[in-house]
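Fold and contact review
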Amino acid sequence: MSDAAEVKSANMETISALPPEETERLGSEIVAALKTVFDPEIPADIYELGLIYKVDLKDDRGVDVMMTLTTPNCPAAGELPTMVENAIASVPGVGVVNVNLVWDPAWTPDRMSDEARLVLNMW
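The present account deals with the structure reproduced in this document. (Residues numbered from 1 in each chain as written. Predicted model: local features only at pLDDT ≥ 70, side-chain atom pairs only at ≥ 80, totals over all residues. Heavy atoms only, no water.)

Some remarks on unusual backbone geometry
Our working definition: Secondary structure is summarised from DSSP: a helix means a run of H or I of at least four residues, a strand means a run of E of at least two, and numbering begins at the N terminus for each.
Cis geometry marks the peptide bond from D104 to P105, where omega comes out at 5°. For P105, the position within the fold is in the loop between β3 (97-101) and α5 (114-120). Even without a glycine there, the phi angle at R61 is positive, about 75°. Inspection of the secondary structure assignment puts R61 in the loop between β1 (52-57) and β2 (63-67).

Some details on the nonpolar core
We count it as follows: We define a nonpolar core as any set of buried Ala, Val, Leu, Ile, Met, Phe, Trp, Tyr and Cys residues linked to one another through side-chain atoms lying within 4.5 Å. Exposure classes here rest on a 1.4 Å probe applied to the protein chains alone. A residue is buried below 20% of its type maximum, exposed above 50%, and partly exposed in between. In this description, contact between two residues means that some pair of their heavy atoms is separated by no more than 4.5 Å.
With 31 residues, the main nonpolar core has I46, V65, M67, V84, I88 and V94 as its most contacted residues. Breaking this core down by element, the ones donating at least two residues are α2 (20-34), α3 (46-49), β1, β2, α4 (80-89) and β3. Other than its neighbours up to four places away in sequence, I88 contacts I30, A33, L34, V63, V65, V94 and V97.

Here we look at the packing of α2 against α4
For clarity, the threshold we go by: Where helices are involved, their axes are fitted lines through C-alpha atoms of the stretch in contact, as for all axes, and angles between N-to-C directions lie from 0 to 180°. Any angle from 65 to 115 degrees is called roughly perpendicular, while one under 35 is roughly parallel, one over 145 is roughly antiparallel, and all others are oblique. The handedness criterion is simple: a crossing whose near helix is rotated anticlockwise from the far helix by less than a right angle is left-handed, and one whose near helix is rotated clockwise is right-handed. For this classification, Asp, Glu, Lys and Arg are treated as charged, while Ala, Val, Leu, Ile, Met, Phe, Trp, Tyr, Cys and Pro are nonpolar and the rest, including Gly, are polar.
As a packed pair, α2 and α4 sit with axes 8 Å apart at the nearest point and diverge in direction by 140°. With respect to their mutual orientation, α2 and α4 come out oblique. For the pair α2 and α4, the crossing hand works out as right-handed. Contact residues: I30, A33 and L34 in α2; V84, A87 and I88 in α4. Looking at the contact of α2 with α4, its residues break down into 6 nonpolar, no polar and no charged.

Some remarks on the sheet that holds β3
For the record, the criterion: Any two strands between which DSSP finds at least two bridges are classified as paired.
Strand order in the open sheet formed by 3 strands is β1-β2-β3, and the pairing between neighbours is mixed. In this open sheet, the two strands that pair with only one neighbour each are β1 and β3. Strand-to-strand twist of the sheet, defined as the mean angle between neighbouring strand axes without regard to direction, takes the value 15°. Of the pairings in the sheet, the one linking β1 to β2 comprises 5 bridges and is antiparallel in character. Directly across from I52, in β2, lies its bridge partner M67. Contacts from α2 reach β1 and β2 within the one sheet, and its direction differs from that of β1 by about 145°. Helix-sheet contacts for α4 involve β2 and β3, and the interaxial angle to β3 is about 155°.

Re the pattern of salt bridges
Using the following cut-off: Each salt bridge in this description consists of a side-chain nitrogen of Lys or Arg and a carboxyl oxygen of Asp or Glu lying within 4 Å of one another.
Applying the stated rule across the entire model yields 5 salt bridges. Between R61 and E22 there is a salt bridge; the shortest N-O distance is 2.6 Å. Of this pair, R61 sits in the loop between β1 and β2 while E22 sits in helix α2, and the two are 39 residues apart along the sequence. Between K35 and E48 there is a salt bridge; the shortest N-O distance is 2.6 Å. You can see K35 sitting in the loop between α2 and α3 and its partner E48 sitting in helix α3, a full 13 residues away along the chain. Overall, K35 belongs to the partly exposed group, its relative accessible area being 31%. Salt bridges sharing common partners tie together E22, R25, E29 and R61.

Here's what the structure looks like:
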């Protein structure tokens, strides 16, 4: 590794009060929980649809989520954030969960994973 790469890596290190193995476990289990939440009108989970913009696991085990919907007129707008909150809260060891619904940047089909495209036949 070059000196420049080492400096960049050192600057990007994250300091957490949680042990790395616990952070990894929680992260994996939170993603798995998110994959259990489906938009009632689309047969793909919200994670693969690209509706989750950010998940922030805090030192106190609280979780802040920034998510969007496919459209502001989505009929599931009232229930999906609560479904996300409940799914993440079910992960052992997670503290308080806060879900923030955002519209910027707007969701587009480009955010979907290949798995979601396959399920929705959108190639």
